[in-house]
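Per-entry structural report
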Amino acid sequence: GGALGTLARYLLTLAMPPWHGLPLATFVVNVVGAFLLGALLAALARRGPDTGRRRAVRLAAGTGFLGGFTTYSAFALDTDGLIASADPGGAALYALATVVVGAAATLAGIALGQAAPRPRGGAG
């Protein structure tokens, strides 16, 4: 999962150039990843304990794919690069927007995941 997530992130960075000097691809990757991870974990938790197939999905999709897809290291490196290029305002905007929008995306994902249907009957 991690290798596929990293590949997906890499391909997205090739397709999405910086916008006005800001690393748009890293921002999008982290916000989308935060949303998807929130949705995944909330949906899995709603369906039952973290065992069996749910645990395998959490590890493969959450820890694996989304762990490889999202990137704190690129976020930190990009922020440092903006500071080093004498754009402290851009660095502050980028860092703040990533954290605030990422947190909002996580909450939106959790809300979506909590709306997932519960399993029927005793199996789950």
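First things first, this report covers the structure right here in the doc. (Residues numbered from 1 in each chain as written. Predicted model: local features only at pLDDT ≥ 70, side-chain atom pairs only at ≥ 80, totals over all residues. Heavy atoms only, no water.)

1. Things to note about helix α5 (residues 88-114)
The end-to-end C-alpha distance of α5, which contains 27 residues, comes to 39 Å, matching closely the 39 Å that a straight helix rising 1.5 Å per residue would cover. Among all positions in α5, only Gly 90, Ala 91, Tyr 94, Thr 98, Gly 102, Ala 105, Gly 109 and Gly 113 are buried. Packed against the buried residues of α5 are α2 (24-47) and α4 (72-84). (Helix = DSSP H or I, 4+ residues; strand = E, 2+ residues; numbered from the N terminus. Expected span 1.5 Å × (residues − 1). Buried < 20%, exposed > 50% of the residue type's maximum accessible area, 1.4 Å probe, protein only. Contact = heavy atoms within 4.5 Å.)

2. Looking at the packing of aromatic side chains
Under the defined criterion, the tally for this structure stands at 3 aromatic pairs. Centroid distance Phe 65 to Phe 69: 5.9 Å. Interplanar angle 10°. Geometry classified as stacked. Here Phe 65 pairs with Phe 69, and both are found in helix α3 (residues 52-69), just 4 residues apart, close to one helical turn. Its relative accessible area of 9% is what places Phe 69 among the buried residues. When the centroid spacing of 5.6 Å and the interplanar angle of 45° are considered together, the rings of Phe 75 and Tyr 94 count as tilted. Placement of Phe 75 in helix α4 and of Tyr 94 in helix α5 is noted, with a sequence separation of 19 residues between them. The same class applies to Phe 75 and to Tyr 94, which are both buried. An aromatic cluster of at least three residues, connected via ring pairs, comprises Tyr 72, Phe 75 and Tyr 94. (Phe/Tyr/Trp six-rings, centres within 6.5 Å; stacked < 30°, edge-to-face > 60°.)

3. Some thoughts on the packing of α2 against α3
Each pair of packed helices can be described by the angle between their axes along with the distance between the axes. Packing of α2 against α3 leaves a shortest axis separation of 10 Å and a crossing angle of 170°. Regarding the angle of α2 to α3, the classification is roughly antiparallel. Contact with α2, carried on its side by Val 29, Val 32, Gly 33, Leu 36, Leu 37, Leu 40, Leu 41, Leu 44 and Arg 47, involves Arg 54, Val 57, Arg 58, Ala 61, Gly 62, Leu 66 and Phe 69 of α3 and no other residues of that element. A class-by-class count of the residues in the contact of α2 with α3 yields 11 nonpolar, 2 polar and 3 charged. (Axes fitted to C-alpha atoms, helices over the stretch in contact; angles between N-to-C directions. Parallel < 35°, antiparallel > 145°, perpendicular 65-115°, else oblique. Nonpolar A, V, L, I, M, F, W, Y, C, P; charged D, E, K, R; others polar.)

4. Quick word on the pattern of salt bridges
Under the definition given, this model contains 2 salt bridges. With a closest N to O distance of 3.9 Å, Asp 50 and Arg 55 form a salt bridge. With relative accessibility at 34%, the residue Asp 50 sits in the partly exposed group. The exposure class of Arg 55 is partly exposed, given its relative accessible area of 41%. Between Arg 58 and Asp 50 there is a salt bridge whose closest N-O contact spans 2.8 Å. Looking at Arg 58, the relative accessible area reads 21%, which means it is partly exposed. Each member of the salt-bridge network shares a partner with another, and the members are Asp 50, Arg 55 and Arg 58. (Salt bridge = Lys/Arg side-chain N within 4 Å of Asp/Glu carboxyl O.)

All quantities given are derived from atomic positions and should not be read as evidence of function.
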